2 protein chains.
Amino acid sequence: MLRDDLPTPALVLDAAAMDRNIAAMADFVRSRGLALRPHAKTHKSGEIARRQIAAGAVGICCAKLGEAEALADEGVEDIHLTSPVVTRGGIARLKALAGRIRLSVVVDHPDNARALDGCGASLFVDLDPGAHRTGVTSPDAAVALAKAIGAIGGVQYYCGSEQHIQSAAERRAVLADKTDYLRTVLAALADGGIEVPVVTGGGTGSFAIDADLGVLTELQAGSYIFMDREYRDCELGGPVFEQALFVDASVISINTPGRVTIDAGLKAFAADAGVPVVWAGAEGRYAFMGDEQGALIGSDLPGLAGRVTLVPPHCDPTVNLYDAYWVVARDVVVDRWAVTARGRST
Amino acid sequence: MLRDDLPTPALVLDAAAMDRNIAAMADFVRSRGLALRPHAKTHKSGEIARRQIAAGAVGICCAKLGEAEALADEGVEDIHLTSPVVTRGGIARLKALAGRIRLSVVVDHPDNARALDGCGASLFVDLDPGAHRTGVTSPDAAVALAKAIGAIGGVQYYCGSEQHIQSAAERRAVLADKTDYLRTVLAALADGGIEVPVVTGGGTGSFAIDADLGVLTELQAGSYIFMDREYRDCELGGPVFEQALFVDASVISINTPGRVTIDAGLKAFAADAGVPVVWAGAEGRYAFMGDEQGALIGSDLPGLAGRVTLVPPHCDPTVNLYDAYWVVARDVVVDRWAVTARGRST
């Protein structure tokens, strides 16, 4: 099938560009002596996870148990859960999954550590970098929790709020401060006689800085495989990643000069990070026009049924809207990959 | 199963409340001598469409062909497509669907009218109320398009931008102006000898006003079955609709005083219309904390693994994130209904 014959809106993946991104990150972490455990909440795809692991990743991260279950079903055998699992039903599912694959999970509360005792998953102490999302909030709490657990798998330290600081210098300065705190926690753990085999964290906005700072042993970057408007606006440093993920749309109305309406709206793009960027097929800017449509406003616009290609503002929640990637090589559709764990948010 | 044992985040539907909303709208349109054709882009569910039709709706609206195909597969036999279908592939699918069910579709361009000649669907002239999303933009263009079509199924006039004006008086004033323009178009069509069997439009924000204004013959409201934060903030007039749609979530972290973290973020709520409202289980406000989590900030907050119930800010794109509704009666889960057309945006 030709790309131009895809029903739209279509989630389109340039697999060659993605494979180059996978290779570039793999080369980078190898050159720095680090482990890579890419976050699969970005792609939710067994095919992509397998490619990352084939390129040298030690395993993957998942945000939710349902995501991990879906990717385990696709043959992924080493998964780290980056969010606590605390409900009774969740813990039962965690135990079942730990019987099938090598599994680790973060913990940030002693009650949860007790509930997970003997669960079969390796337990990581989650450290709050100051965002107050998850994680223990002091070195003393980290030591107490690690002692409650016994032998920990490692610690997790994910500076999420800092990933999208656009200036590289400013991002580096903030992360250097955050990493000073991480050193303090690790020193307290060492003083407490706690062995920390793995220090996992980092993202596409911080991995190069994290490598320079030299405290993390394992990087969790996810978005680098696809890229999006948010990360394109950041000076990332390290290898240069290509745009590999797109949404193709069609013009459905052309009645007003200077604008056309396309068939991609709030059900085609997650709207938390602004608007998509027009990549090809038009000269103009995008504006949301409700659940089902958007406007392209500009001067060089396609006609009725014309095609345009856009870059999502934020890749992870946009991918979660689609059942499949249409995999293209230039203008030809060469494959269709399921978004295996789409909607698996529990 | 008990509601409290659902894996979270869970899309939860109080079916009794929804059925009362369906009945209230059905009674209202019957008392005004109008037809009701509820928009299924809200619910994307065969079960709910069938309940609306059983209560007296003449059929349903769909926004996209894929949505209509999915609901036709569920036995819905009368569908109006509220967006133009213009691509070659789309027109082929439209013809196939028109061979299976009673189908109508809007048209806003003479090229599209020619392409749809003999397609088997009834063609409606789409009128632009000034939003410049779709629709012809003048009475003359409406007449010319209607003549190009021949016998039209009717006209569509959907004032989308006006639905969420919070003040009833202000919304009524704006819609009265918009409806004056609609009368002008209808007069031009009558002068041109064009018969207009149906004038379809309106939404949950405007249906009561549209009924008073007396020009629309068929109402397309959709969100009234569920309600959401946006419409709860509007003085709607007409029957009072109950909140029937919720997202239940669980607390996964409690380490910072005055706030807890829950397992529902940007993949659990569409973010285009602000934040969810806390409905039960906590006293506090919600803040997005990324793709997978949110914070509840307040004083009376649940403990680890505690449950909370939230109202989505915008129901349509939130429903589109979930595979199923968990149907509850008080605290008991009584059924699971597929979101049949989830992700069917093409």
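Rules behind the numbers
Residues numbered from 1 in each chain as written. Chains lettered and ligands numbered in written order. Predicted model: local features only at pLDDT ≥ 70, side-chain atom pairs only at ≥ 80, totals over all residues. Heavy atoms only, no water. Helix = DSSP H or I, 4+ residues; strand = E, 2+ residues; numbered from the N terminus. Rg over C-alpha atoms; globule rule 2.2 N^0.38 Å. Buried < 20%, exposed > 50% of the residue type's maximum accessible area, 1.4 Å probe, protein only. Contact = heavy atoms within 4.5 Å. Areas by Shrake-Rupley, 256 points an atom, 1.4 Å probe, with all protein chains shown as cover. Lys, Arg positive; Asp, Glu negative; His and termini not counted. Charge placed at Lys NZ, Arg CZ, Asp CG, Glu CD. Pairing = 2+ DSSP bridges. pLDDT = per-residue confidence, 0-100. Core = buried A, V, L, I, M, F, W, Y, C linked by side-chain atoms within 4.5 Å. Arc of directions from axis to C-beta. Polar contact = N/O pair within 3.5 Å; in protein donor to acceptor, adjacent residues only side chain to side chain. Axes fitted to C-alpha atoms, helices over the stretch in contact; angles between N-to-C directions. Least-squares fit on C-alpha atoms with pLDDT ≥ 70 in both. Phe/Tyr/Trp six-rings, centres within 6.5 Å; stacked < 30°, edge-to-face > 60°. Lys NZ or Arg CZ within 6 Å of the ring centre and 35° of its normal.

## Describing the overall build of chain A
Secondary structure summary: chain A contains 10 helices and 17 strands in total. Over its C-alpha trace chain A gives a radius of gyration of 21 Å, about what one expects of a compact globule, namely 20 Å for 346 residues. Relative to its full complement of 346 residues, chain A shows a buried share of 61%. Contacts in chain A between residues far apart in sequence, at least 24 positions, make up 65% of those at least 6 positions apart. Accessible surface, chain A as shown: approximately 11900 Å² in total, 49% of it carbon and sulfur. In chain A, which carries 32 positive and 43 negative side-chain charges, the distance between the mean positions of the two groups comes to 3 Å.

## A short note on the pairing of strand β11 (residues 259-262) of chain B
Residue and element names in this part refer to chain B. By the alternation rule, side chains of β11 split into R259 and T261 and V260 and I262, which are all buried. Examined bridge by bridge, strand β10 (residues 245-253) and β11 share 2 bridges and lie antiparallel to one another. Looking at the pairing, V251 lines up with I262 of β11. Where β10 folds back on β11, the antiparallel hairpin that results is connected by 5 residues, among which G258 adopts a positive phi of roughly 85 degrees. As judged from the 4 bridges shared by β11 and strand β14 (residues 294-300), these two strands associate in the antiparallel manner. The partner of T261 across the bridge, within β14, is A295.

## Things to note about the confidence of the model for chain A
The predicted structure's coordinates, where accompanied by low pLDDT, should not be read in detail. Per-chain confidence: chain A averages 97 in pLDDT, with 100% of residues scoring 70 or above. Interface predicted TM-score (ipTM) for the complex: 0.97; the corresponding pTM is 0.97.

## Thoughts on the nonpolar core
Among the nonpolar cores identified, the biggest contains 195 residues, and V125, F226 and Y325 of chain A together with V125, F226 and Y325 of chain B are the most heavily contacted of them. Beyond its immediate stretch of four places on either side in the chain, V125 of chain B contacts V107, V136, A142, L145, A146, I149, I152, G154, V155 and Q156 of chain B.

## Side note on the sheet that holds strand β4 (residues 78-81) of chain B
Hydrogen bonds between backbone atoms are what pair the strands of a sheet, whose relative direction is either parallel or antiparallel. Residues and elements named next belong to chain B. Sheet architecture is open: 8 strands sit in the order β2-β9-β8-β7-β6-β5-β4-β3, paired in parallel fashion. Sheet topology places β2 (35-36) and β3 (60-62) at the edges, where each strand pairs with a single neighbour. Pairing analysis gives 3 bridges linking β3 to β4, with the strands arranged parallel. Within β4, the residue paired with I60 across the bridge is I79.

## Some words on helix α2 (residues 46-54) of chain B
Residues and elements named next belong to chain B. Regarding α2, the residues found buried are G46, I48, A49 and Q52. Take α2 and look down its axis: the buried residues cluster within an arc of 165 degrees, on one side only. Where α2 is buried, its residues meet β1 (10-14), α1 (15-31), β3, α3 (65-73), β16 (324-329) and β17 (332-338). At the N-terminal boundary of α2, the capping side chain belongs to S45, with an oxygen 3.3 Å from the backbone nitrogen of E47. At the C-terminal side of α2, G56 shows a positive phi close to 120 degrees.

## Some remarks on the sheet that holds strand β4 (residues 78-81) of chain A
Residues and elements named next belong to chain A. Spatial ordering of the open sheet is given by β2-β9-β8-β7-β6-β5-β4-β3, a layout of 8 strands whose pairing is parallel. Every interior strand has two partners, whereas the edge strands, β2 (35-36) and β3 (60-62), have only one. One ladder, built from 4 bridges, connects strand β6 (residues 122-127) with strand β7 (residues 154-157); its direction is parallel. Residue pairing across strands places D126 opposite Q156, the latter belonging to β7. Across the sheet, helix α3 (residues 65-73) lies against β3 and β4, angled at about 175 degrees from β4, the strand it touches most. The sheet contacts of helix α7 (residues 168-191) involve β6, β7 and β8 (199-201), and relative to β7 the element is tilted by about 160 degrees.

## Digging into the side chain of S206 of chain B
Residue and element names in this part refer to chain B. Mapped onto the secondary structure, S206 falls in the loop between β8 (199-201) and α8 (207-213). According to the relative accessible area criterion, S206 is buried, its value standing at 1%. For S206, the side chain forms a polar contact with the main-chain nitrogen of G203, separated by 3.0 Å. Those residues in contact with S206 that lie beyond four places of it in its chain are Q163 and L175.

## Some remarks on the relation of the copies chain A and chain B
By a simple turn and slide, chain A fits onto chain B: the slide is 0.0 Å along the axis, the RMSD is 0.0 Å, and the turn is 180 degrees. The superposition of one copy onto the other is thereby described by a two-fold rotation axis. Mapped onto chain B, 100% of the interface residues of chain A again fall at the interface, so both copies present the same surface.

## Notes on the packing of aromatic side chains
Residues and elements named next belong to chain A. Applying the stated criterion across every chain, the model contains 16 aromatic pairs over all chains. When the centroid spacing of 6.4 Å and the interplanar angle of 40 degrees are considered together, the rings of Y157 and Y181 count as tilted. In this pair, Y157 sits in strand β7 while Y181 sits in helix α7, placing the two residues 24 residues apart along the sequence. Here Y157 falls in the buried class, since its relative accessible area comes to 3%. Under the relative-accessibility criterion, Y181 is labelled partly exposed at 24%. Here the aromatic residues F28, F207, Y224 and F241 are joined through ring pairs into a cluster of three or more. Taking the ring centre of W326 as reference, the NZ or CZ of R336 above it sits at 5.5 Å.

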